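Take a look at the letters that make up each chain.
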Amino acid sequence: MQTNFSLAQLADPHVAESEKILRKCVHCGFCTATCPTYVTLGNELDSPRGRIYLIKDMLENGRPADKEIVTHIDRCLSCLACMTTCPSGVNYMHLVDHARAHIEQTYKRPLLDRLTRAMLALVLPYPNRFRAALKLAGLGRPFIGLFEKLPALKPVAAMLKLAPSSLPPASPKALPGMHAGQGAKHGRVAILTGCAQSVLDPAINDAAISLLTRLGVEVVVPEGEGCCGALVHHMGREDQALASARRNVDVWTRAIDQGGLDAIVIAASGCGTTIKDYGFMLRLDPAYAEKAARVSSLAKDVTEYLAALDLPEPLRKPGTVVAYHSACSMQHGQKITRQPKELLAKAGFVVREPREGHLCCGSAGTYNILQPEISSKLRDRKVKNIEATGASVVATGNIGCITQIASAARLPVVHTIKLLDWAYGGPKPEGLSDSILTAAE
Ligand code: SF4
Ligand code: SF4
């Protein structure tokens, strides 16, 4: 694509980066066929190609964002299916991240939208605040019907609907410290404790720690790590996202210096995609660029790390039929497609893949709160495809997808690591009956 940026504009490294990306796009439109919002809404402006034109126009003309571009960029899930499809290697992720930051800096959203976004940014990344907010959600639940009738309050209704009615207690395993590997030592890793996942389902990281240590891997929970920044990054709040990235880079750099790390293991693929991008996000910060690149190179999804180990035979061979839902951040963001399915199959599960596996379930960070209508259409489509597999349980590697799919599916939805941990001798995942996990011990 031909671009028309002035030399003065190109002096801004963010614009220069976006210009490089824009020039790679050849307008072929292949990406439209796999874009969930185009497939759902049928509007070219809600396709990757349409959004690329809108972003190009806004950046070339040095214009503040307007209502039209904000509408179509807000509808983008950042699922990155377009990047998997694109034959020209267009890095839509970095382009849309730049556009979102530009929107945040130049566009004044309506008051309620601003308040909702500010509230999400103030609460979700902080486990204690998020836990307190979820406890308060019970008070608002009786008003869901009322909120749904008022367009500006639909995000509040969506939030209340997604909030679980009870919460598990925080896990002591998530406290800073070290979990020693059993038997011969096979590695040393840090694990991301993160934010929302540690509140909604602390048993996910517990399962990861328990399986890794049983396999002889020492797992460190470094003091001071926190939210990876993805939630605010996708809302265009760059300063907050970069502050989270810098804090985690400092924490993990200390852990590397103190005893070496083979990997930084992450059990939420949305977070993994962002941490693998820290090197890019902090490339212009001389104090962090190198450290951030090192952290990104060590970041591994837990299934990616496990797949590289020489796993023993599992203790249980369940034969349970599992529908594997590949989170967008897993398959498109990190290009991890094979490992989770192969690990499940090796552990004795029968893995089935739903049709339209490339399409997002509509979770996408805060998308199911901020765009509840498109999100629920995508969720229902996903659930229908999952249920058509005839599986008795759904496995996936991202807490957002688990919450989203579980809100409509009739079958249990669990994190892949919980099934693997159980097959290799760990406890039965909560919510799964004996009839689902019929293990031949
Ligand atoms: S990130 Fe997803 S929703 Fe956004 S343009 Fe690409 S395919 Fe469409
Ligand atoms: S597939 Fe790639 S090159 Fe083709 S229109 Fe989409 S982004 Fe541009």
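Here, the structure is the one placed above.
Residues numbered from 1 in each chain as written. Chains lettered and ligands numbered in written order. Predicted model: local features only at pLDDT ≥ 70, side-chain atom pairs only at ≥ 80, totals over all residues. Heavy atoms only, no water.

*Asks:* Mind showing me how you'd approach the packing of aromatic side chains here?
*Replies:* The full count for this structure, using the stated rule, is 2 aromatic pairs. Lying across the ring of Tyr288, Arg246 places its NZ or CZ 5.7 Å from the centre. (Phe/Tyr/Trp six-rings, centres within 6.5 Å; stacked < 30°, edge-to-face > 60°. Lys NZ or Arg CZ within 6 Å of the ring centre and 35° of its normal.)

*Asks:* How do you make sense of the pattern of salt bridges when you look at a structure like this?
*Replies:* Once their charged atoms are close, side chains differing in charge can pair, the charge on each being opposite to the other. Counted by the stated rule, this structure contains 28 salt bridges. A salt bridge links Glu44 to Arg49, with the shortest nitrogen-to-oxygen separation between them at 2.9 Å. Linking Arg410 and Glu387 is a salt bridge whose minimum nitrogen-to-oxygen distance equals 2.6 Å. On the criterion of sequence distance, the pair formed by Arg410 in the loop between helix H24 (399-406) and strand E9 (413-415) and Glu387 in helix H23 (residues 372-387) is long-range, its members being 23 residues apart. Judged by relative accessible area, which is 75%, Arg410 ranks as exposed. The network of salt bridges with shared partners includes Asp74, Arg109, Asp113 and Arg117. (Salt bridge = Lys/Arg side-chain N within 4 Å of Asp/Glu carboxyl O. Helix = DSSP H or I, 4+ residues; strand = E, 2+ residues; numbered from the N terminus. Buried < 20%, exposed > 50% of the residue type's maximum accessible area, 1.4 Å probe, protein only.)

*Asks:* Got a minute to help me understand the packing of helix H13 (residues 203-214) against helix H25 (residues 416-423) in this structure?
*Replies:* The description of two helices packed together rests on the angle between their axes and the distance between the axes. Two numbers describe how H13 lies on H25: the axes approach to 9 Å, and their chain directions differ by 40°. For the element pair H13 / H25, the angle class is oblique. Crossing of H13 over H25 shows left-handed handedness. Counting all contacts with H13, which are made through Ala203, Ile204, Ala207, Ala208, Ser210, Leu211 and Arg214, the residues of H25 involved are Ile417, Lys418, Leu420 and Asp421. Within the contact of H13 with H25, the residues separate by chemical class into 7 nonpolar, 1 polar and 3 charged. (Axes fitted to C-alpha atoms, helices over the stretch in contact; angles between N-to-C directions. Parallel < 35°, antiparallel > 145°, perpendicular 65-115°, else oblique. Left-handed = near helix turned anticlockwise from the far one by under 90°. Contact = heavy atoms within 4.5 Å. Nonpolar A, V, L, I, M, F, W, Y, C, P; charged D, E, K, R; others polar.)

*Asks:* Mind showing me how you'd approach the environment of Gln197 here?
*Replies:* Assignment of secondary structure puts Gln197 in helix H12 (residues 196-200). By relative accessible area, Gln197 is classed as buried at 7%. Sequence spacing of Gln197 and Pro127 is 70 residues, and the spatial spacing of their C-alpha atoms is 8.7 Å. In this structure, Gln197 is in contact with Pro202, Ile204, Asn205, Ala267, Ala268 and Ile399, ignoring residues within four places of it in sequence.

*Asks:* Please clarify how the site of ligand 2 should be interpreted in this entry.
*Replies:* Near ligand 2 you find 13 residues, and of these Cys25, Cys28, Gly29, Cys31 and Cys86 are the closest. When each cavity is represented as a set of grid points, ligand 2 is found to reside in the second largest cavity. For the shell around ligand 2, a count of residues per class yields 9 nonpolar, 3 polar and 1 charged. (Near = heavy atom within 4 Å. 1 Å grid on protein atoms, 1.4 Å probe; cavity = no way out; pocket = protein on both sides within 12 Å on 5 of 7 lines; lining within 4 Å. Sits in = over half its atoms within 2 Å of the grid points.)

*Asks:* How should I be thinking about the sheet that holds strand E8 (residues 393-396) in this particular structure?
*Replies:* Whenever strands of a sheet pair, they do so through backbone hydrogen bonds, lying parallel or antiparallel. An order of E7-E6-E8-E9 is seen for the 4 strands of this open sheet, with the pairing classed as parallel. Only two strands of the sheet have a single partner each, and these edge strands are strand E7 (350-352) and E9. Neighbour to neighbour, the strand axes of the sheet diverge by 35° on average, direction disregarded. Bridge count for strand E6 (residues 321-325) against E7 is 3 bridges, and the pairing is parallel. Bridging across to E7, Val322 finds its partner in Val351. Packed onto the sheet, H25 meets E6, E8 and E9 and runs at close to 75° relative to E9. (Pairing = 2+ DSSP bridges.)

*Asks:* Can you walk me through the layout of surface pockets in this structure?
*Replies:* The rolling of a water-molecule-sized probe over the atoms marks out the regions of remaining empty space. Size it by volume and the second largest pocket reaches roughly 890 Å³. Taken together, 32 residues form the lining of the second largest pocket, with Pro168, Leu200, Asp201, Lys418 and Glu430 sitting closest to its centre. At the level of secondary structure, the elements contributing two or more residues to the lining of the second largest pocket comprise H13, H24, E9 and H25. Here the residues of the lining of the second largest pocket sort into 17 nonpolar, 8 polar and 7 charged. (Points joined across faces, edges and corners; volume = space filled by probe spheres on them.)

*Asks:* Teacher, can you tell me more about a nonpolar patch on the surface here?
*Replies:* Residues Leu111, Leu112 and Leu115 make up a contiguous nonpolar surface patch of roughly 280 Å² in combined accessible area. Among the structural elements, Leu112 can be located in helix H8 (residues 111-123). The exposure class assigned to Leu112 is partly exposed, which follows from its relative accessible area of 39%. (Patch = residues over 30% accessible without salt bridge, like charges linked within 9 Å, V, L, I, M, F, W, Y side chains within 5 Å. Areas by Shrake-Rupley, 256 points an atom, 1.4 Å probe, with all protein chains shown as cover.)

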